Amino acid sequence: MSNPPFDVIVIGAGPGGYIAAIRAAQLGFNVACIDEWKNDKGGPAPGGTCTNVGCIPSKALLQSSEHFEHAGHAFADHGIGLKDLRMDVAKMLARKNQIVKQNNDGILYLFKKNKVTFFHGRGSFAGAVAGGYEVAVGDAKLVAKQVVVATGSVARALPGTPFDEERVLSNDGALRIGAVPKKLGLIGSGVIGLEMGSVWRRLGAEVTVLEALPTFLGAVDEQIAKEAHKAFTKQGLKIELGVKVGEIKSGKSGVEVEYTDAKGAAHKLAVDKLIVSIGRAPNTQGLNAQAVGLALDERGAIVVDAECRTNLPGVWAVGDVVRGPMLAHKAEEEGVAVAERIAGQHGHVNFDTIPWVIYTSPEIAWVGQTEQQLKASGRAYKAGVFPFMANGRARALGDTTGMVKFLADAATDEILGVHIVGPMASELISEAVVAMEFKASAEDIARICHAHPSLSEATKEAALAVDKRTLNF
Ligand code: FAD
Ligand code: NAI
C-alpha cells in the first residue's frame, strides 16, 4: 500500500506525540501519527502510558480510594454517619477503565477534527529516502521529510525479576489489582511507589515500601519531604529507607523479598503482591533506529539537543524517550515546540519552570529550586513558610496538613522556588509557575488580592513570610 508523502510523521501518540501531531496539523502540515497501543479488544488506544497505564488511571484510583478513606474516617467529623461501608473494587476499576476509554476516544476525535491521519500499529524506520524518511507501519510505507519520535518509556524491572503482572507488578498490573491485597510490597518510594501505595493502603492493604536511598524523596525540598514523610507514616504507610533488596521469590502463595535494612540486618518481607517502581527506561524497541543511524545514549534514550533535534536532519524526539523529567506536561510542551520549530517558528520550553506534582494526600508540588540546591550553589536566598494550619479554608475543609514555602533571591526578591505539601497543592502550584515565568518577586505575590477564604491565601502569606510579615501567623 502506498501513501502520498506526509509533511510530518509522528511515531507514538502519548502526550508528546499526539500533541505534536495536533499542533503540526494546526500549523497547516499534512500529518500522520502512528501508535501501537491496543485496548482489550485489540483496537487503538492512543494516549500512551499517560492515558492507558499512567497519569489518568492512577488519578482515577487515587480519587476513588480517597473518597473511601474520607467516608471511613473523615465523614464522622462532619456529622455524617455511614453504616456498612464497603469497597467494590470491580466497580472502581470499571470506572477507571471508562475514564481511560473516554480519553482514548477523545484523542481519536481530536485527530479527526484536526485532520491528522492515524495509523494503528508499530512504526519503524525503514530507511532514508529522497525527500526524507520512510517509516513502515504494517504493510504501509509512509514517507515524510520530518519525523517526530515520541515512543515514551517502559517500567524498569529488577534484574532477574521480570514482571508477570500477577504477583510482580509494573505500573500496568498495579492499576489492575482485582481485590485489595492483604499485604502489598513496593520497591522504590518514588512517585509511583507513593501514589500506588496510597491507593491500596486507603483500601485496606498493609503496605510496605522498600527504598534504596537513605533519604526520603531526595529531589524534593527537605522540609517538605520531612513533612510528607511524617504524614504518610501517620497514615500507616511503612517506608523503609536505605535498604538493599536481595533475592525475590514469587510463588502461588505470594512473593517473598529478602532485603537488608539500613543497619545491615537481614529481613524477609512476605506479601501477596509486589509493585516494582524503580524508575522507567526510554522505549526505542521496535523503532529500528539503526536503519537510519539514529543516535541513542548509554541509557537507550534518543540523543537530542536543547531543541529536541536528533543527530539526523528532520528527525526530532520528545517526551520520555529523551533526557529530562518523565512528565506528561514536559512531553506536551516539547511536542508543541517541535511542531512550531518545523514550521520555522521559535517554539520554547522553559525547563526551569516545569512543575512536579505527587498526587498523594497530602499532595506534594513544587517548581524551581529547593533550599538544598540553593545552598549547594551558594546563592543567597530568603525563605518564607506558611502552614495550612493557619489557613481558614484548610480548617473548614478539615485538612490542615503541610505548608507553602517560598524561596526568593536575598537581594532582588525574585522567586527561585515554591514548594507545597498539603491540600490541592497540584492546583496551587500553577500560581507559582506563572509568577516564575514572569520573573515575579515574592513581594509581587504578596501584593496580589487572593480570594477569601481560599487555600491560595496560604501562597500569599508564604510570600509575605519571605519579608517576615505574615498577617495570619
Ligand atoms: P508515552 O505516554 O509512553 O507514549 C508513547 C506511545 O508510543 C505509546 O502509546 C506507545 O505504545 C507508542 N509507541 C512506542 N513505540 C512505538 C512504535 N515503534 N510504533 C508505534 N507506537 C509506538 N506524568 C505526569 O505529568 N503526571 C502524572 O500524574 C503522571 N502519572 C503517572 C503515573 C504512572 C503510573 C506512570 C507510569 C507515569 C505517570 N506519569 C505522569 C508520566 C507520564 O505518563 C509520562 O511522562 C508520559 O506518558 C510521557 O509521554 P510520551 O508521549 O513521551 O510517552
Ligand atoms: P522514580 O524515579 O520516581 O522513583 C524510583 C525510586 O526507586 C527512587 O526513589 C529510587 O531510589 C528507588 N530505587 C531504584 N532502584 C531501587 C532498588 N533496586 N531498590 C529499592 N529502591 C530502588 O520512579 P517511579 O516511581 O518508577 O516513576 C517513574 C516516573 O514516572 C517518575 O520519575 C515520574 O517521572 C513519572 N511519574 C510521574 C507521576 C506524577 O507526575 N505525579 C506519577 C507517577 C510517575
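In this text, all values refer to a predicted model and were calculated from it rather than measured experimentally. (Residues numbered from 1 in each chain as written. Chains lettered and ligands numbered in written order. Predicted model: local features only at pLDDT ≥ 70, side-chain atom pairs only at ≥ 80, totals over all residues. Heavy atoms only, no water.)

A. Highlighting the environment of Leu 327. In this fold, Leu 327 is placed in the loop between strand 17 (315-317) and helix 8 (328-342). In this structure Leu 327 comes out as buried when scored by relative accessible area, which is 12%. Between the C-alpha atom of Leu 327 and that of Trp 356, which follows or precedes it by 29 residues, the distance is 8.1 Å. Leaving out residues up to four positions away in the same chain, Leu 327 has contacts with Asp 320, Ile 354, Pro 355 and Trp 356. (Helix = DSSP H or I, 4+ residues; strand = E, 2+ residues; numbered from the N terminus. Buried < 20%, exposed > 50% of the residue type's maximum accessible area, 1.4 Å probe, protein only. Contact = heavy atoms within 4.5 Å.)

B. Representation of a nonpolar patch on the surface in the model. On the surface, a cluster of nonpolar side chains totalling about 260 Å² of accessible area is made up of Ile 80, Leu 82 and Leu 85. Take Ile 80: it is sitting in the loop between helix 3 (55-74) and helix 4 (89-113). (Patch = residues over 30% accessible without salt bridge, like charges linked within 9 Å, V, L, I, M, F, W, Y side chains within 5 Å. Areas by Shrake-Rupley, 256 points an atom, 1.4 Å probe, with all protein chains shown as cover. Salt bridge = Lys/Arg side-chain N within 4 Å of Asp/Glu carboxyl O.)

C. Here's a closer look at helix 11 (residues 425-437). Compared with an ideal rise of 1.5 Å per residue, which puts 13 residues at 18 Å, helix 11 spans 18 Å between its outermost C-alpha atoms and is within 8% of the ideal. All buried positions along helix 11 are accounted for by Ala 425, Ser 426, Leu 428, Ile 429, Ala 432, Val 433, Ala 435 and Met 436. Down the axis of helix 11, the buried set is contained in an arc of 160 degrees. They therefore lie on one face. For helix 11, the elements touching its buried residues are strand 18 (356-358), strand 19 (363-368), strand 22 (415-422), helix 12 (442-446) and helix 13 (456-466). Lys 439 sits one or two positions beyond helix 11 and adopts a positive phi of about 55 degrees. (Expected span 1.5 Å × (residues − 1). Arc of directions from axis to C-beta.)

D. Structural detail: the pairing of strand 2 (residues 31-35). Among the five residues in strand 2, five count as buried, and that is most of the element. A two-sided burial pattern is seen for strand 2, the buried positions comprising Val 31, Cys 33 and Asp 35 on one face and Ala 32 and Ile 34 on the other. In the sheet, strand 1 (residues 6-11) pairs with strand 2 via four bridges, with the strands oriented parallel. Considered in strand 2, the bridge of Ile 9 is made with Ala 32. Crossover strand 1 to strand 2 through helix 1 (residues 15-26) is right-handed. (Pairing = 2+ DSSP bridges. Right-handed = clockwise from strand over helix to strand, strands pointing away.)

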